[in-house]
Amino acid sequence: MAYILKTLNSWFWWENIWMPINCTWADFVDREGLVFPKPHQLYATIPYAFVLLIIRFFSERYVAIPLAKALGIKNVRRVKPQPNPVLESYFRECSRQPSQSEIKGLAKKCNCTVHLVEKWFRRRRNLEIPTVLRKFQEAFWRFSFYLTSSIVGFIFLYDKPWFYDIWQTWVGYPFQTLLPSQYWYYMAEIGFYWSLIFTLGIDIKRKDFMAHVVHHLAAIGLMSGSWCGNYVRLGTLVIFVHDTADFWLEAAKMFNYARWEKTCNILFIIFSIAFFITRMILFPFWILRATLYQPTYYSTTPVIAYFLFNGMLLTLQGLHLYWGYLIFKILKRFVFLKDLKDDRSDEEEEDSLTDTEEESTKSGTKNSSGSSKHLLSSSHH
């Protein structure tokens, strides 16, 4: 087993995979005036991820919650359905939204009314949906990180020649020295995506959940690989292009949860413009051009990493097209129907019965229609 692992390790770090011909790992030893990225430095991204999770916990608790309250978002407590093993088993194993005939069968089996079974499933489904405050907290954290990353990224890049002339990303390659700003930019970004991987089980799950998983893994793979191959200049540009659009989306989400519709609409339109400029123009015609086309001027025999990295970059571009399609659908609905709802999220269903009414129904007592109407209207206050 040890021999197999040693062989796989030697194959993985084979020079022909990562660097041009006539270069070896011995050439990447730090010397006077030159500092190179080291693969073992990537281990530090794991503890950095946990540091970011700690920062996230405190920022969501002590900044996001007060901000949400200031914007009018309340921490609504969900009413739990009455414990019922039969209905719970059906909910978990059969269907979360049973048909009318199935509801009638369950009502007979549980010896209760159809209305009560419908109410039980509605409340049970609501427990699976995160509260508006929870959504706001998550959006606030991502907004904070992406905004900070964009500002810091611009500070790190604005005076670099490759920020304006992308050909400069290949000048002197592979013997390009690693700058301290590039080190911290990479460590923070990879650590952030590791933190998102670690919290996949507790973060809000949307319909494009798998697309996000693929994106996070591709991002970590790309950044880690570009670090090992010293494609850091290009890597920083890829990071910057992505983060500069994302904080607009998270800001739009926050104001959407606060029901500031006009502000949300304006922010989402700004995000859409930023997304199409960065992901549909700059990424394919600036970044991908630099990774697919320009390396052929510096080497007639591309290394294996050339195909691996470009494969992952093209995967990212495929995700950009998928998300661009979703954004276009939302914008189309907004233009024609004035509706800016996000199809990826589930919405909470209204709960018109109180616990007292449910107990009354369970014991066979009927409430008057006037009382029901009063409860229904009061639930909106």
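What counts as what
Residues numbered from 1 in each chain as written. Predicted model: local features only at pLDDT ≥ 70, side-chain atom pairs only at ≥ 80, totals over all residues. Heavy atoms only, no water. UniProt positions renumbered as here; feature names shortened; annotations may be inferred. Phe/Tyr/Trp six-rings, centres within 6.5 Å; stacked < 30°, edge-to-face > 60°. Helix = DSSP H or I, 4+ residues; strand = E, 2+ residues; numbered from the N terminus. Buried < 20%, exposed > 50% of the residue type's maximum accessible area, 1.4 Å probe, protein only. Core = buried A, V, L, I, M, F, W, Y, C linked by side-chain atoms within 4.5 Å. Contact = heavy atoms within 4.5 Å.

Going by an unreviewed UniProt entry, the chain carries the name Ceramide synthase 3 and comes from Serinus canaria. The UniProt entry for the chain carries this comment under Catalytic activity (unreviewed entry): "sphinganine + octadecanoyl-CoA = N-(octadecanoyl)-sphinganine + CoA + H(+)".

(A) How the structure looks around the packing of aromatic side chains. Applying the stated criterion to the full structure yields 37 aromatic pairs. Note on phenylalanine 143 and phenylalanine 247: the rings are 6.5 Å apart at their centroids and 65 degrees apart in plane angle, and the pair reads as edge-to-face. Of this pair, phenylalanine 143 sits in helix α7 (residues 132–157) while phenylalanine 247 is found in helix α10 (residues 232–257), placing the two residues 104 residues apart along the sequence. Among the residues examined, phenylalanine 247 registers a relative accessible area of 12% and is labelled buried. On the basis of an interplanar angle of 15 degrees and a centroid distance of 5.1 Å, the ring pair of tyrosine 173 and tyrosine 231 is categorised as stacked. With a gap of 58 residues between them, tyrosine 173 in the loop between α7 and α8 (180–198) and tyrosine 231 in the loop between α9 (209–228) and α10 connect regions that are remote in the sequence. In this pair, the class of tyrosine 173 matches that of tyrosine 231, namely buried. Joined through ring pairs, the aromatic side chains of Tyr48, Tyr183, Trp184, Tyr186 and Trp227 make up one cluster.

(B) Structural detail: the nonpolar core. Core analysis: the biggest nonpolar cluster contains 83 residues, and Phe136, Tyr186, Phe192, Tyr193, Trp227 and Phe268 have the highest contact counts within it. Among the secondary structure elements, those contributing two or more residues to this core are α2 (15–18), α3 (45–70), α7, α8, α9, α10, α11 (261–292) and α12 (304–337). Among the elements that take part in this core, α10 stands out by supplying 13 residues, more than any other. In contact with phenylalanine 192, other than residues within four places in its own chain, are Leu52, Trp141, Phe145 and Tyr146. Within the second largest apolar cluster, nine residues are counted, among which are Leu87, Tyr90, Phe91 and Ala107.

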